[in-house]
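# Tertiary structure, described
Here is what each chain is made of, one letter per residue.
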Amino acid sequence: MTLRIALSKGRIFDDTLPLLAAADIHPAESPETSRKLILPSTRGDVEFLIVRASDVATYVQHGGADLGVVGKDVLLEHGGDGLVEPIDLGIAKCKLMVCGPKGMDLSKNTRLRIATKYTHCARKHFAATGRQVEIIKLYGSMELAPLTGLADAIVDVVDTGNTLKANGLEALEHVASSSARLVVNRVSMKVRHDEIAPIIERMRHAVVQTS
Ligand code: ATP
Ligand code: PRP
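Residues numbered from 1 in each chain as written. Chains lettered and ligands numbered in written order. Predicted model: local features only at pLDDT ≥ 70, side-chain atom pairs only at ≥ 80, totals over all residues. Heavy atoms only, no water.

Turning next to unusual backbone geometry. Despite not being glycine, Ala92 shows a phi value in the positive range, around 50 degrees. Classification of Ala92 by relative accessible area gives buried; the value is 18%. One non-glycine residue with positive phi stands out, namely Ser141, at about 45 degrees. If you trace the backbone, Ser141 turns up in the loop between β8 (133-137) and α5 (144-148). (Buried < 20%, exposed > 50% of the residue type's maximum accessible area, 1.4 Å probe, protein only. Helix = DSSP H or I, 4+ residues; strand = E, 2+ residues; numbered from the N terminus.)

In this section: the domain arrangement of the protein. You can read the domains of the protein as domain 1 (3-92 + 179-210) and domain 2 (94-178). Using C-alpha coordinates to define each centre, domain 1 is positioned 29 Å away from domain 2. Each partner contributes to the interface: domain 1 provides seven residues, whereas domain 2 provides 10 residues. In total, about 750 Å² of surface goes out of reach between domain 1 and domain 2, with carbon and sulfur atoms giving 50% of it. Of all residues in domain 1, Asp73, Leu76 and Glu77 bury the most surface against domain 2, accounting for 69% of the area lost on that side. The tally of links between domain 1 and domain 2 comes to zero salt bridges. For the pair domain 1 and domain 2, the number of links is six residue pairs in polar contact (both at pLDDT 80 or more). The element best represented in the side of domain 1 that touches domain 2 is helix α3 (residues 72-78), accounting for four residues. Class assignment of the residues belonging to the side of domain 1 that touches domain 2 gives a composition of two nonpolar, two polar and three charged. (Domains from an automatic or database assignment. Contact = heavy atoms within 4.5 Å. Buried area = accessible area lost by both parts, 1.4 Å probe. Salt bridge = Lys/Arg side-chain N within 4 Å of Asp/Glu carboxyl O. Polar contact = N/O pair within 3.5 Å; in protein donor to acceptor, adjacent residues only side chain to side chain. Nonpolar A, V, L, I, M, F, W, Y, C, P; charged D, E, K, R; others polar.)

We now examine the site of ligand 1. The environment of ligand 1 is made up of 16 residues, and the closest members are Arg11, Arg52, Ser54, Asp73 and Lys117. One of the side-chain N or O atoms of Ser54 is found 2.6 Å from an oxygen atom in ligand 1. Between Asp73 and ligand 1, the recorded distance is 2.7 Å, taken from a side-chain N or O atom to an oxygen atom. A total of 630 Å² of accessible area belongs to ligand 1 in isolation, and the protein chains cover 77% of it. Contributing elements (two or more residues each) for the shell around ligand 1: α1 (11-21) and α3. Partitioned by chemical class, the residues of the shell around ligand 1 number six nonpolar, three polar and seven charged. Counting contributing residues, the shell around ligand 1 receives three or more from each of domain 1 (3-92 + 179-210) and domain 2 (94-178). (Near = heavy atom within 4 Å. Areas by Shrake-Rupley, 256 points an atom, 1.4 Å probe, with all protein chains shown as cover.)

A separate point is the sheet that holds strand β9 (residues 153-158). Where strands meet in a sheet, backbone hydrogen bonds hold them as pairs that are either parallel or antiparallel. Strand order in this open sheet of five strands is β8-β7-β9-β6-β10, and the pairing throughout is mixed. Of all the strands in the sheet, just β8 and β10 (169-178) have a single pairing partner and so form its edges. Pairs of neighbouring strands in the sheet enclose a mean axial angle of 30 degrees, with direction left out of account. Both strand β6 (residues 94-101) and β10 contribute to a ladder of eight bridges, which runs antiparallel. Paired with Leu96 across the bridge in β10 is Ala176. (Pairing = 2+ DSSP bridges. Axes fitted to C-alpha atoms, helices over the stretch in contact; angles between N-to-C directions.)

It is worth spelling out the site of ligand 2 at this point. Taken together, Arg11, Glu143, Asp156, Val157, Val158, Asp159, Thr160, Gly161, Asn162 and Thr163 make up the full set of residues near ligand 2. For ligand 2, an oxygen atom lies 2.8 Å from a polar atom in the backbone of Asp159. Within the side chain of Thr160, a nitrogen or oxygen atom sits 2.5 Å from an oxygen atom of ligand 2. Isolated, ligand 2 exposes 500 Å² of accessible area, and the fraction of that covered by the protein chains is 56%. Going through the elements one at a time, β9 and α6 (162-166) are the ones with two or more residues in the shell around ligand 2. Split into classes, the residues belonging to the shell around ligand 2 amount to two nonpolar, four polar and four charged.

Structure (C-alpha cells):
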C-alpha cells in the first residue's frame, strides 16, 4: 500500500521538500501547477495529499494520510489526538500572538471581543489569565477585524510583524511559539513502522544538519 504524506501548498510544501529529499522522497509534480490533489512522488510507494494547512492534522488523525507536516499552532488548536509528533522540523517559525491597535490595554476590565481562527487557543489563553472574552471566528485576514470594529483585538500568527505594521496594529501578548512538526498517524506508526522509521530518521538527520 502507498504511504500518504499530507502537506499544504506554499511555505510548508516548499520548506519540507529539502527534508523529504533527504529521505529520497521527491514530488513528481508541483502542487502550484497541477490540479491533482493526490500528487505522485518519484517513488512508487509514496504519494502526497495536498490539503489546507488547518486540515493536515485531521487527515493524519483519521488515517486519511499516514504522515503530515503541520504548524504547532494548528496542532495546539486541533488538540493532536491520534497523532505522534516525532520531529520539530524547525521550519515555518512564527508566534501566535494577541494583537491590537497600538498602545491598547488588554487588562482593562471589559469583555474583550477577540477575532481569530484559533478559537480554542484564544479561549484558553484568556481563561488562564482570568479575562472574559467574546470569541469571533474568522478564517483569514484577521487584521481587518480591529480596523473595522468587528473586534477589539485578534489572535493570529506573527513572523516579521510587517502585516501588523502595515495595518497599524502591534503584537501585545505572546500566546505560543510555533514551528512545523512532522506528525504520524498513531496506528500507521505501529503497523507500518518498518517503512516510516527510516523516513523519520533521515528527516531528523537533515533537520540537525540544517540547524
Ligand atoms: P489555511 O489555508 O488552512 O487557513 P494558512 O493560510 O494559515 O492555512 P499557511 O499560510 O500556508 O496556511 O501557513 C501554514 C503554517 O505556516 C501555519 O499553520 C503557521 O504554522 C505557519 N505560518 C503562517 N504564517 C507564517 C508566516 N508569516 N511566517 C512563518 N510561518 C507562518
Ligand atoms: C500570515 C498571518 C499573518 C502574516 C504574518 O498570513 O496570517 O497575516 O502571515 O506574517 P508577518 O508577521 O511576517 O507579516 P499569510 O499566510 O497570508 O502569510 P504570507 O503573507 O506570508 O503569505
